[in-house]
Amino acid sequence: VSSSFAVATGDTPFGQISDVEVNGVDVLTWGEEPSVDVSNLAGKTVPVFIRFDAWGDAKDVVVRAWISGEREATVESEVFDVIAGKTYSRFLFVEMPAKLDQLDETRRLEIEVESDDGQLGDDFSVALTVQRESHQLEILSIQMPSEVKA
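Throughout this document, residue positions are counted from 1 along each chain, in the order its sequence is written. Local features are withheld for residues below a pLDDT of 70 in this predicted model, meaning they are given only at 70 or higher, and side-chain atom pairs are given and counted only at 80 or more; totals for whole chains, interfaces and linings count all residues. Side-chain measures here rest on the full set of heavy atoms in the structure, leaving out hydrogens and waters.

Visitor: What is the right way to look at the pairing of strand 10 (residues 120-131) in this model?
Guide: Across eleven bridges, strand 9 (residues 104-115) lies against strand 10 in antiparallel orientation. Of the residues in strand 10, the one forming a bridge with Asp-104 is Gln-131. Following strand 9, the chain reverses through four residues before pairing antiparallel with strand 10; Gly-118 in that reversal takes a positive phi of roughly 90 degrees. Only strands that DSSP links by at least two bridges are regarded as paired with each other. Counting from the N terminus, the helices are the DSSP runs of H or I reaching at least four residues and the strands are the DSSP runs of E reaching at least two.

See below:
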């Protein structure tokens, strides 16, 4: 899996995201942009596997993931240190957006690896489909008598 770097000025990345799987399906990187060929149901939690190859040492590293437009639902790994030349893998469980205007929408899964001091390890963005369930029961109101007679 290849990725492009978004590096803060003056910072050198300490590694690279080398593999991503969404709901057990490998991310496709051939073509114009990374994408995953699996539909994810709205409101469901999806496992995301991230493999990261460290080029340099870094302390207090965290892996974050979120769906575009849903930054408030960011999930994070535990904090860990990385050692140059080692490979690290983490599973994160990302919640798909619950409200969709269309039957299906293309969104982006955003992933970043960053140390506590703000040094960027790598970031990665993947196109995926979020699909609304075709039959969904939603209770809008309930009417019942306000008094109970015994």
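Visitor: Explain the sheet that holds strand 8 (residues 87-95) here, please?
Guide: In a beta sheet, neighbouring strands pair by backbone hydrogen bonds and run either parallel or antiparallel. Spatially, four strands are ordered 2-1-4-8 in an open sheet, and the strand pairing comes out antiparallel. In this open sheet, the two edge strands, each paired with only one partner strand, are strand 2 (25-26) and strand 8. Examined bridge by bridge, strand 1 (residues 15-22) and strand 2 share two bridges and lie antiparallel to one another. Bridge pairing links Glu-21 to Asp-26 in strand 2.

Visitor: Got a minute to help me understand the packing of aromatic side chains in this structure?
Guide: Geometry of an aromatic ring pair is reported as the spacing of the ring centres plus the angle between the planes. Aromatic contacts are taken between Phe, Tyr and Trp rings whose centres are within 6.5 Å, Trp giving its six-membered ring; a plane angle under 30 degrees counts as stacked, one over 60 as edge-to-face, and the others as tilted. Scanning the entire structure with this criterion turns up three aromatic pairs. Ring geometry for Phe-49 against Phe-91: centres 5.2 Å apart, planes inclined by 55 degrees, an arrangement best described as tilted. In this pair, Phe-49 sits in strand 4 (residues 45-54) while Phe-91 sits in strand 8, placing the two residues 42 residues apart along the sequence. Lying over the aromatic face of Trp-66, Arg-71 brings its terminal NZ or CZ to 3.7 Å of the ring centre. The criterion for a charge sitting over a ring is simple: Lys NZ or Arg CZ within 6 Å of the ring centre, and within 35 degrees of the ring normal. One Lys or Arg, Arg-90, reaches over the ring of Phe-80 and ends 3.9 Å from the middle of that ring.

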